Amino acid sequence: MTVFETREKFRKYTTPETFEKIVEYPSVSAMWKACLASYAEREAIVDNGQTRTFEQLEHDAASFRTVLRKAGLKKGDRVAVLIPNCYDFAKVLIAVTTSGMTACVLPAHLDEQPVFGCCMKFGAKALVYEPALESKTAFAAAHKPDLVLLPSSAAGAVLTPACDADAKDGCLVMFTGGTTGKSKGALLSNGAVMQGVTNGCYGTAEVFGQRYLLILPLSHVFGLIRNLLSSLYTGSTLYICRNNKDMFRDIAVFRPTILVAVPALAEMALALSRKFGKNMLGDDMKTIICGAAAVPPYLISAYKTYGITLFPGYGLTESANLVSGNPEPDEKPDSVGIPYPHQEFRIENGELWLKGANMFDCYLNDPEENENAFEDGWFRTGDLVRLDEDGFLYITGRIKEIIVLPSGENISPAEVEAKFNELPLVQDSQVFEDLDADGKHILALEVVPRMSELARIAPEAQGKALSEALDRVNRSLPSFQRVNKITVRDSDFARTPSMKIVRYHKV
Amino acid sequence: MRIGTKEERNEVFEALKDILRSADDRNPEAVENSTEETNLVTDLGLSSVSMLYLVIVMEDTFGIRFDDIGVQDFGTVGDVIDYIINKKGA
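Residues numbered from 1 in each chain as written. Chains lettered and ligands numbered in written order. Predicted model: local features only at pLDDT ≥ 70, side-chain atom pairs only at ≥ 80, totals over all residues. Heavy atoms only, no water.

J.: Please clarify how the interface of chain A and chain B should be interpreted in this entry.
T.: Listed as interface residues are 25 residues of chain A and, on the opposing side, 27 residues of chain B. The contact between chain A and chain B buries some 2200 Å² in all, and 57% of this surface belongs to carbon and sulfur atoms. Among the residues of chain A in contact with chain B, K245(A), K440(A) and N484(A) are the three that bury the most area, contributing 29% of the side total. Across the chain A-chain B interface, the total number found is three salt bridges. With a closest N to O distance of 2.6 Å, E59(B) and R249(A) form a salt bridge. Where chain A meets chain B, there are three residue pairs in polar contact (both at pLDDT 80 or more). Mapped onto the side of chain A that touches chain B, the elements with two or more residues apiece are α9 (247-254), α10 (263-276) and α15 (459-476) of chain A. Take the side of chain A that touches chain B: its biggest share by element is seven residues, from α10(A). Class assignment for the residues of the side of chain A that touches chain B results in eight nonpolar, six polar and 11 charged. (Contact = heavy atoms within 4.5 Å. Buried area = accessible area lost by both parts, 1.4 Å probe. Salt bridge = Lys/Arg side-chain N within 4 Å of Asp/Glu carboxyl O. Polar contact = N/O pair within 3.5 Å; in protein donor to acceptor, adjacent residues only side chain to side chain. Helix = DSSP H or I, 4+ residues; strand = E, 2+ residues; numbered from the N terminus. Nonpolar A, V, L, I, M, F, W, Y, C, P; charged D, E, K, R; others polar.)

As structure tokens, then:
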């Protein structure tokens, strides 16, 4: 069965006036011009104590377009962007995409070698970086001398206007673990990005003129498309929270009406509200858009008591963030909702397959990954689903190797294992999701020691040497990749006929 | 060498235990049996978001402001106690 969704399904969830204002644009340029025509003097972004209107954002973007132009960059070029969440990210993103170039968005925590690797793999002609991250550009500068390096603080003396782009023109390259967990770049066209942005407007009553709080990283589609671009599209104001630990102080000042959050963050805010006996998200907060990991249904009823509606959704980097959203969370709290418009889907042996205007073009320069990702032009999500009689989707499992933690962070077991396998004392290892004695989801590691290396250490000191070495590696990993439990095996893992480790599926 | 008097450290440790219990009530035994050598990630299983919760409540409880260094820079319970005593004395 193949189903094609139209926007009519979403009409009943808002007023006729709001519904008619949700229009489709072929490109970020077209959307941005419409924003400037309607909202020029409105506050667009609040960051670090400064407020910029849409007009001011356009002025700064126009100045940066000149920087790009003077650096010899042209329409169609790819520009890597290494900037943490801040106003300059928005400025550079608008400047790059409305110059007809493709922004390759790199996570700001990447080290200098992966930064170089991404620039090479994505075919970037330039790298725009925040001055504080300049040291991360050194390796790329030394090994790719023709790479144009531009600090995000640069400004042109004259203003360069936005140019038009077609829906099929490249817009973003987003970093993802994808279906197999190997890091790669998903190329999203202008049409796909704009379909994602537009789809984010469906299913909630209040859409335009909101006050958005930005907590999620802009290097993730949920932060970039559903938070930053949705905020601009809807003439809303975006407050950039620079440090998550200050989010509740920021909320008290900015009084946001809508929050885009991963489930773990929504759970944390709820736990704090209960601890301090007040709604930590503030009395103006009316809506939480929650996704990027499985949403525990109790969150919906718990937030209801604070007058906040939490809408669960489901999406992927490859689908420009949005696949489905649940406009009836009270009635169907377990569902990830109705598939968004202009998307075709089918369910093959329980797996969700997708096609449509919001889908990515390909993984850049990764023929093997592309070969595995598509079948007859359909993108295989790797997620197992069922559909109820009202057309609502439910996620029932995954067939991917990748582990999605409650925080929404994707863990590629192979990437983490590779770090532990670098230890001479380790023969092989396996990272997997497990439940602890209390039923909590944890990341666990089992290792098979390399006996020949271990034998070089006095028997009584072997255990300590191994555990210290493992702990050192664990501490060196980004916090979300760290394992919570380490077990040392005294025998090898079970193996497939081709000698691959048989992976655990304990959760 | 740890900083602060034994009494001071005990007081902070008990308050910290309270916060750890509320940060993740699914693992009360591990918190109860924790010592200054207990690792926050590998022993208590705290996620990055639980760590964030920890910092927000610690700021409120101890009347301090954490620096912008990541909470992931703490290894053990003892490291956190050091940081708090240091901040309170500052």
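Next comes the rest of the description.
J.: Teacher, can you tell me more about the layout of surface pockets here?
T.: One way to see where empty space is left: roll a probe the size of a water molecule over the atoms. If you add up the space inside the second largest pocket, you get close to 320 Å³. As for the second largest pocket, its lining consists of 16 residues, and the residues nearest its centre are F248(A), R249(A), A252(A), K278(A) and M280(A). Only α9 of chain A together with α3 (48-62) of chain B provide two or more residues apiece to the lining of the second largest pocket. With four residues, the single largest contributor to the lining of the second largest pocket is α9(A). The residue inventory of the lining of the second largest pocket, partitioned by class, reads six nonpolar, two polar and eight charged. (1 Å grid on protein atoms, 1.4 Å probe; cavity = no way out; pocket = protein on both sides within 12 Å on 5 of 7 lines; lining within 4 Å. Points joined across faces, edges and corners; volume = space filled by probe spheres on them.)

J.: In this structure, what is going on with the sheet that holds strand β12 (residues 258-261) of chain A? I would like to understand it.
T.: One key point about sheets: their strands pair by backbone hydrogen bonds, in either a parallel or an antiparallel sense. Residue and element names in this part refer to chain A. In spatial order, the strands read β3-β2-β11-β10-β12-β13-β14-β15-β16; together these nine strands make up an open sheet with mixed pairing. Each edge of the open sheet is held by one strand with a lone partner, namely β3 (50-53) and β16 (338-339). Where strand β13 (residues 287-290) and strand β14 (residues 309-314) come together, four bridges link them in parallel fashion. Within the sheet, the bridge partner assigned to T287 lies in β14 and is T309. (Pairing = 2+ DSSP bridges.)

J.: So what exactly am I meant to see when it comes to the environment of K304(A) here?
T.: When you line up the elements, K304(A) lands in helix α11 (residues 298-304). Note on K304(A): relative accessible area 40%, which makes it partly exposed. (Buried < 20%, exposed > 50% of the residue type's maximum accessible area, 1.4 Å probe, protein only.)

J.: Please clarify how the packing of helix α3 (residues 54-70) of chain A against helix α4 (residues 87-97) of chain A should be interpreted in this entry.
T.: Angle between the axes and distance between the axes: these two values describe a pair of packed helices. Residue and element names in this part refer to chain A. For the pair α3 and α4, interaxial distance at closest approach is 8 Å and the crossing angle is 60 degrees. The pairing of α3 with α4 is recorded here as oblique in orientation. Here α3 runs over α4; the crossing is right-handed. On the side of α3, the interface is formed by Q56, L57, D60, A61, F64, R65 and L68, while α4 contributes Y87, A90, K91, V92, I94, A95 and V96. The residue makeup of the contact of α3 with α4, split by class, is 10 nonpolar, one polar and three charged. (Axes fitted to C-alpha atoms, helices over the stretch in contact; angles between N-to-C directions. Parallel < 35°, antiparallel > 145°, perpendicular 65-115°, else oblique. Left-handed = near helix turned anticlockwise from the far one by under 90°.)

J.: Help me understand empty space enclosed by the protein, please; the structure alone is not making it clear to me.
T.: Tallying each qualifying case throughout the model produces two cavities of 30 Å³ or more. In this structure, the largest cavity occupies an estimated 50 Å³ of space. Of the residues assigned to the lining of the largest cavity, the class counts are four nonpolar, four polar and two charged. Taken as a whole, the second largest cavity spans an internal volume of roughly 40 Å³. If you trace the second largest cavity, you find it lined by D471(A), N474(A), R475(A), R482(A), N39(B), V41(B), T42(B), F74(B) and G75(B). In terms of residue class, the lining of the second largest cavity is built from two nonpolar, four polar and three charged.

J.: What's the story with the packing of helix α1 (residues 6-23) of chain B against helix α4 (residues 77-89) of chain B in this structure? I'm lost.
T.: All names here are of chain B. As a packed pair, α1 and α4 sit with axes 10 Å apart at the nearest point and diverge in direction by 115 degrees. Considering the angle they form, α1 stands roughly perpendicular to α4. Read as a crossing pair, α1 and α4 show a hand that is right-handed. Across the interface between the two elements, E8, R9, V12, F13 and L16 of α1 pack against V77, G78, V80, I81, D82, I84 and I85 of α4.

J.: Can you walk me through helix α2 (residues 28-39) of chain A in this structure?
T.: All names here are of chain A. If you check α2, its first and last C-alpha atoms are 16 Å apart, about what 12 residues at 1.5 Å a residue would give, namely 16 Å. Restricting attention to buried positions, one finds in α2 the residues V28, S29, M31, W32, A34, C35 and Y39. Of the surrounding secondary structure, the elements contacted by the buried residues of α2 are α3, α4, β8 (170-176), α7 (190-199) and α8 (221-233). (Expected span 1.5 Å × (residues − 1).)

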